[in-house]
Every structure is written in structure tokens, then in C-alpha cells.
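Breakdown of the fold
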Amino acid sequence: MPYDLTRAQRCVLADCVRVSLVGWLVTDPAVDRKARRLEARAIGLLGFGFSRFAAMAITEFGAGYRPWSALAGVRFPLSLQEAAALANDIELDMAGEDQIAAAGLIAAHSPYGRPEAGSRDWWTYLALLDVLGPAAGPDAGDWHALVRERLRPFRHAVSGAAVAE
């Protein structure tokens, strides 16, 4: 099913993926202190620079690192490199339907992937979820596994043959 997203919806969806990755990383019990320092270093004159943060995090933790949750056994569904590539593809209008649907799952279900309620982006976010419909619905079950499965070809293209299951 082709998704007809506006430019604003694509930007909000890309930001949801980015913010989700940053949120998972700075709350990851194994690397939270280092990640918070990187987050602080990525703030410049124009605000937070995700590309700078991602580059520093990839250098520090490795491109294939997947942040852990404080909950035992729960991990972010994508590696640092995969999440950054997904957000960039969405923003540059290069993402396929599976990428958009998987990003919608992240935006709808990740505890860090939503804009602040009532903010300028909140209404665009709600409209985005309406467009995505069941792809990002509440009955997504294990959304982590759904994202990984849906993005298997994309993850393989980004991370190479060493994509871990």
C-alpha cells in the first residue's frame, strides 16, 4: 500500500526515528553516561546536530551497536548505522513502503519517538499516524521484531552480510 505522506509528515517521521534512537541510547544502562556526553557535544550554535551525534556514537560504540532498554532483554530494533540511514532515506524521500511502515512502528511504539503533545509537530504526527493506519496501529505486538523483519533487505544493504538476527 503506497503511503502518500506530505513533506512535513516525512520530516516528522524521520525525526521520530532520530529522537527514538537518541532516547534509547542515552537511557541504555551500558552506555548512558558516554551517550549523554556525546549528546552534549553534539549541541552547537544551531542546536542539536543529529548527524554529528550519530557519527560520534558510531565511532564510540560501533556502527552495529543496538541500544538496550532498562528492561531486561529489550533492544532497539536497529543499529546506530541502520537507524541513521533510515531517517535520512525518509527525509530525502528515498524510503520505500517497508521503510516508511517500519519507521511508523518506531514512531508509534517507541517510548522516545513521539513529539511533545500539543507541540507544533504533534498535529503533523497525529496526521502521519492516520495515513499509516494499521501499519503503525496498537495491535503491532512485538514491534521490535516487526521492524527488524520488515527492514531485513534494507538492513542487509546498510550493514552488509554481517546483519545479526
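In this report, we go over the structure that sits alongside the text. On a predicted model such as this, the values are computed, not experimentally measured, just so you know.

Let us now look at the overall build of the protein. A tally of helices and strands in the protein yields 8 helices and 2 strands. Counting helices and strands in the order they occur from the N terminus, the protein gives α-α-β-β-α-α-α-α-α-α. Here the protein has a C-alpha radius of gyration of 15 Å; the compact-globule value for 165 residues is 15 Å, and the two agree. The principal-axis extent of the C-alpha atoms belonging to the protein is close to 40 × 40 × 30 Å.

Time to look at helix 3 (residues 50-61). One full turn of an α-helix is made of 3.6 residues, so residues set three or four places apart face in the same direction. Compared with an ideal rise of 1.5 Å per residue, which puts 12 residues at 16 Å, helix 3 spans 16 Å between its outermost C-alpha atoms and is within 8% of the ideal. Elements that come into contact with the buried residues of helix 3 comprise helix 1 (7-27), helix 2 (32-41), strand 2 (47-48) and helix 4 (80-91). Immediately beyond the C-terminal end of helix 3, within one or two residues, lies Gly62, with a positive phi of roughly 100°.

Within the secondary structure, Arg66 is located in the loop between helix 3 and helix 4. Buried charged residue Arg66 carries no salt bridge. Nearest counter-charge: Glu82, at 6.1 Å. Excluding residues that lie within four positions of it along the chain, Arg66 makes contacts with Arg75, Phe76, Pro77, Leu78, Ser79 and Arg148.

What counts as what
- Residues numbered from 1 in each chain as written.
- Predicted model: local features only at pLDDT ≥ 70, side-chain atom pairs only at ≥ 80, totals over all residues.
- Heavy atoms only, no water.
- Helix = DSSP H or I, 4+ residues; strand = E, 2+ residues; numbered from the N terminus.
- Rg over C-alpha atoms; globule rule 2.2 N^0.38 Å.
- Expected span 1.5 Å × (residues − 1).
- Contact = heavy atoms within 4.5 Å.
- Buried < 20%, exposed > 50% of the residue type's maximum accessible area, 1.4 Å probe, protein only.
- Lys, Arg positive; Asp, Glu negative; His and termini not counted.
- Salt bridge = Lys/Arg side-chain N within 4 Å of Asp/Glu carboxyl O.

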